[in-house]
Amino acid sequence: MKLSRNSAGGNLTLALTQTLLQLRRENVKIPWFGMKRAVPMPAGIALISPWVDMVQSFPSWSANAKWDYLPRPDHWETSPPPPDAIWPADPPRKSLYVDDALRLHPLVSLQLNASWAGTPPVWTCFGWECLSDEDRYLAAKLRRDGVRVVIDEFEAMPHVFTVVLPKLPETERCVQGLAKFITATRKEPERITSSYTFIKAKTLEESEGDVEALTPYGEKEVFEMAYAKVGKEAPLSPVLAGPKL
C-alpha cells in the first residue's frame with residue numbers, strides 16, 4: 001500500500017500518517033479477521049504540494065503570491081463566499097476547512113508535530129508557490145527525524161502545477177520522479193535514499209542540494225509563527241521551552 005495525494009489531500013495523508021504512528025507508539029492493535037494485529041504502515045508516501053500549515057503562517061504565503069494563484073491568507077476573512085445553506089458556519093468561524101479551535105491541532109497544522117520518526121520513505125514535489133516554505137520545512141523536519149525523503153523542487157511553478165499545467169515538460173518530469181519513487185517502494189525500497197533536486201524551468205536542468213539545509217526555520221520559530229497568526233501565545237512545550245539548564 002502507498003499513500004499519494006496533493007494539496008489538501010496531502011494534509012489528510014500526513015494526518016493519517018501521524019495517526020498510524022501514534023497507534024504504533026502506543027502498541028495499539030486492531031481486530032482483523034478474529035486476530036489483533038498491529039496497524040501496518042504504507043510502503044511509501046507521495047505528496048504533491050502538500051498543504052501543511054493550515055493557519056498559513058509561513059512567509060511564502062505572501063512572498064510567493066506573484067508565482068501562484070492561491071488566495072492570500074486573509075482572503076476568506078476579507079472576501080467571504082456568498083451565503084448559502086452551509087456558510088456562514090454555525091457557530092461562526094473564520095476558516096472554511098476546520099473549526100477555529102482546532103486550527104493549531106497537530107493533526108490539522110502538521111508542522112506542529114514533534115516527531116515523524118517511523119514514517120516510511122516520502123517523496124514530495126513543489127514549486128515556487130505559497131506553500132513552499134512549509135513544504136521545505138516538512139522535508140527538512142522529516143529528514144532530521146530519520147525519515148528517508150526525496151524532494152523535487154521546480155523553478156517558478158505554481159501550486160499543484162501537474163494538474164493545472166498538464167502539458168508542460170516540468171509536469172512530465174515530475175510524474176517521472178513520482179513513478180520512479182513508487183516503483184522503488186515496491187521493488188527496491190532499501191535503495192531509496194534522501195535527496196533534494198532543483199529543476200530549472202524550461203531547460204529542466206537539475207542541481208542537487210542538502211535536504212537538511214532546505215529551511216531557515218527551527219521548531220521553536222515555527223511554533224511561534226503559527227500561534228502568533230491566530231493571536232495566541234505559544235505554549236511552553238518541550239520544543240519551545242528549550243533545554244533545561
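(A) Main features of the overall build of the protein. Looking only at helices and strands, one finds eight helices and eight strands in the protein. Over its C-alpha atoms, taken along the principal directions, the protein stretches across nearly 50 × 50 × 50 Å. The buried share among the 245 residues of the protein stands at 47%. For the protein, contacts bridging at least 24 residues in sequence account for 73% of all contacts bridging at least 6. When the accessible surface of the protein is split by element, carbon and sulfur atoms take 58% of a total near 13,200 Å². Between the centroid of the 29 positive side chains of the protein and the centroid of its 30 negative side chains there is a distance of 7 Å.

(B) Structural detail: helix α6 (residues 169-187). In this model α6 runs 27 Å from its N-terminal to its C-terminal C-alpha over 19 residues, within 8% of the 27 Å that 1.5 Å per residue would give. Within α6, burial applies to E170, T171, R173, C174, G177, L178, F181, A184 and T185. In an axial view of α6, the angular spread of the buried residues amounts to 165°, which keeps them on one side of the axis. Among the exposed residues of α6, those oriented more than 90 degrees off its buried face are K180, R186 and K187.

(C) A look at the confidence of the model for the protein. Averaged over all residues, the pLDDT of the protein equals 90, while 94% of them reach at least 70. This stretch, residues 241-245, has a pLDDT under 50; its non-local contacts, to residues over four places away or in other chains, come to one contact.

(D) Looking closely at the pattern of salt bridges. Enumeration according to the criterion identifies nine salt bridges in this entry. Here D99 ties to R93 by a salt bridge, and the two come within 3.2 Å at their closest N and O atoms. A salt bridge links E224 to K220; the nearest nitrogen and oxygen atoms lie 2.7 Å apart. Taken together, the residues span about one helical turn, with E224 and K220 both in helix α7 (residues 219-229) at a distance of four residues. Of the residues examined, E224 reaches a relative accessible area of 35% and is grouped as partly exposed. Looking at K220, the relative accessible area reads 41%, which means it is partly exposed. Shared partners join several salt bridges into a network, and the residues in it are K141, D145 and E219.

(E) Region of interest: unusual backbone geometry. Cis geometry marks the peptide bond from W87 to P88; its omega dihedral reads 5°. One can find P88 in the loop between α3 (75-78) and β5 (122-126). The omega torsion across D90 and P91 is 5°, close enough to zero to call that bond cis. Mapped onto the fold, P91 is located in the loop between α3 and β5. Phi at N27 takes a positive value of approximately 55°, unusual for a residue other than glycine. Here N27 lies in the loop between α1 (8-25) and β2 (29-32). One non-glycine residue, A156, lies in the positive phi region at around 65°. Structurally, A156 can be placed in the loop between β6 (149-154) and α5 (161-164).

(F) Fine view of the nonpolar core. Residues L14, W116, V122, L138, L142, V149 and I151 are the most contacted members of the largest nonpolar core, which totals 23 residues. Contributions of two or more residues to this core are made by α1, β4 (44-48), β5, α4 (132-144), β6 and β7 (195-199). Element by element, the count of residues in this core is highest for α1, at four residues. With residues up to four places along the chain from it excluded, the contact list for L14 reads L47, P50, V52, L110, W116 and L138. Counting 15 residues, the second largest nonpolar core, distinct from the first, contains C125, V150, F154 and F181.

(G) Structural context of the side chain of T171. Checked against the element boundaries, T171 lands in helix α6. Residue class for T171 comes out buried when judged on its relative accessible area of 5%. Setting aside residues up to four positions removed in sequence, T171 forms contacts with F161, T162, L165 and P166.

What counts and what doesn't
Residues numbered from 1 in each chain as written. Predicted model: local features only at pLDDT ≥ 70, side-chain atom pairs only at ≥ 80, totals over all residues. Heavy atoms only, no water. Helix = DSSP H or I, 4+ residues; strand = E, 2+ residues; numbered from the N terminus. Buried < 20%, exposed > 50% of the residue type's maximum accessible area, 1.4 Å probe, protein only. Contact = heavy atoms within 4.5 Å. Areas by Shrake-Rupley, 256 points an atom, 1.4 Å probe, with all protein chains shown as cover. Lys, Arg positive; Asp, Glu negative; His and termini not counted. Charge placed at Lys NZ, Arg CZ, Asp CG, Glu CD. Expected span 1.5 Å × (residues − 1). Arc of directions from axis to C-beta. pLDDT = per-residue confidence, 0-100. Salt bridge = Lys/Arg side-chain N within 4 Å of Asp/Glu carboxyl O. Core = buried A, V, L, I, M, F, W, Y, C linked by side-chain atoms within 4.5 Å.

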